[in-house]
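Report on the structure
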Amino acid sequence: MTDCLFCKMVSGEIAPDKVFENNDVLAFRDINPQAPTHVLAIPKQHVPSLNHADDASLLGGLLLFARDVARAEGLGDAGYRVVVNTNAGAGQTVFHIHAHVLGGRALTWPPG
Ligand code: AMP
Ligand code: ZN
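Residues numbered from 1 in each chain as written. Chains lettered and ligands numbered in written order. Predicted model: local features only at pLDDT ≥ 70, side-chain atom pairs only at ≥ 80, totals over all residues. Heavy atoms only, no water.

**Topic: the coordination of the zinc ion (ligand 2)**
Surrounding the zinc ion (ligand 2) are the protein donor atoms Cys-4 (SG), Cys-7 (SG), His-46 (ND1) and His-96 (ND1), at 2.1 to 2.3 Å. Coordination at the zinc ion (ligand 2) comes from 4 donor atoms whose angles at the metal span 106 to 116°, giving a geometry best classed as tetrahedral. Spacing between the donor residues of the zinc ion (ligand 2) along their common chain follows C-x2-C-x38-H-x49-H. You can see His-46 sitting in the loop between β3 (37-43) and α2 (56-72) and its partner His-96 sitting in the loop between β4 (80-83) and β5 (99-103), a full 50 residues away along the chain. Note on His-96: relative accessible area 0%, which makes it buried. (Donors = N, O, S within 2.8 Å, 3.2 Å for Na, K, Ca; no water. Tetrahedral: all angles 85-135°; square planar, octahedral: opposite > 155°, others 65-115°. Helix = DSSP H or I, 4+ residues; strand = E, 2+ residues; numbered from the N terminus. Buried < 20%, exposed > 50% of the residue type's maximum accessible area, 1.4 Å probe, protein only.)

**Topic: the site of ligand 1**
The full set close to ligand 1 counts 16 residues, and Asp-30, Asn-85, Gly-91, Thr-93 and His-100 are the nearest of them. Interatomic distance of 3.0 Å between a backbone N/O atom of Val-94 and an oxygen atom of ligand 1. Considering every element that reaches the shell around ligand 1, the biggest residue donor is helix α1 (residues 5-11), with 3 residues. Among the residues making up the shell around ligand 1, the classes are represented as 7 nonpolar, 7 polar and 2 charged. (Near = heavy atom within 4 Å. Polar contact = N/O pair within 3.5 Å; in protein donor to acceptor, adjacent residues only side chain to side chain. Nonpolar A, V, L, I, M, F, W, Y, C, P; charged D, E, K, R; others polar.)

**Things to note about the side chain of Thr-37**
Tracing the chain through its elements places Thr-37 in strand β3. Not counting residues within four places of it along the chain, the set of residues in contact with Thr-37 comprises Glu-73, Leu-75, Val-101, Leu-102 and Gly-103. (Contact = heavy atoms within 4.5 Å.)

**Re the pairing of strand β2 (residues 25-29)**
In terms of residue burial, β2 counts as a mostly covered element, since 4 of its 5 residues are buried. As paired strands, strand β1 (residues 18-21) and β2 are joined by 3 bridges and run antiparallel to one another. Paired with Glu-21 across the strands is Leu-26, a residue of β2. Connecting β1 to the antiparallel partner β2 that follows it, the hairpin turn spans 3 residues. In terms of strand pairing, β2 meets β3 through 5 bridges, oriented antiparallel. Residue Ala-27 lies in a different strand from β3, and its bridge partner there is Ala-41. (Pairing = 2+ DSSP bridges.)

In structure tokens:
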């Protein structure tokens, strides 16, 4: 997807503040952090949203990757939140599926 912001990060056209990557996934810091740790975990493959996802391996891999990012950020014991906003009503603004990994402060429930 040539006009997708996150695909441009995967291709290197735009350089994110990278945290980790491997063949399948990329993690980088959110440009507008909502918590002391706010990392976005994305699959390198373009999938617009959770509504479009049908690959259990991709989704499971993304969730485990988000867990590993949280651990690497030192959040494993204190706790963290993994969020997948889906469509405009939930605040999705970038239509390349991504998991927000949030932590480093008390996270209230229910979310806004
Ligand atoms: P969502 O609103 O769930 O689609 O999340 C998209 C996220 O991407 C937001 O939290 C934005 O702050 C973040 N974002 C937008 N542009 C960039 C960028 N250039 N680098 C890092 N994060 C970005
Ligand atoms: Zn994309």
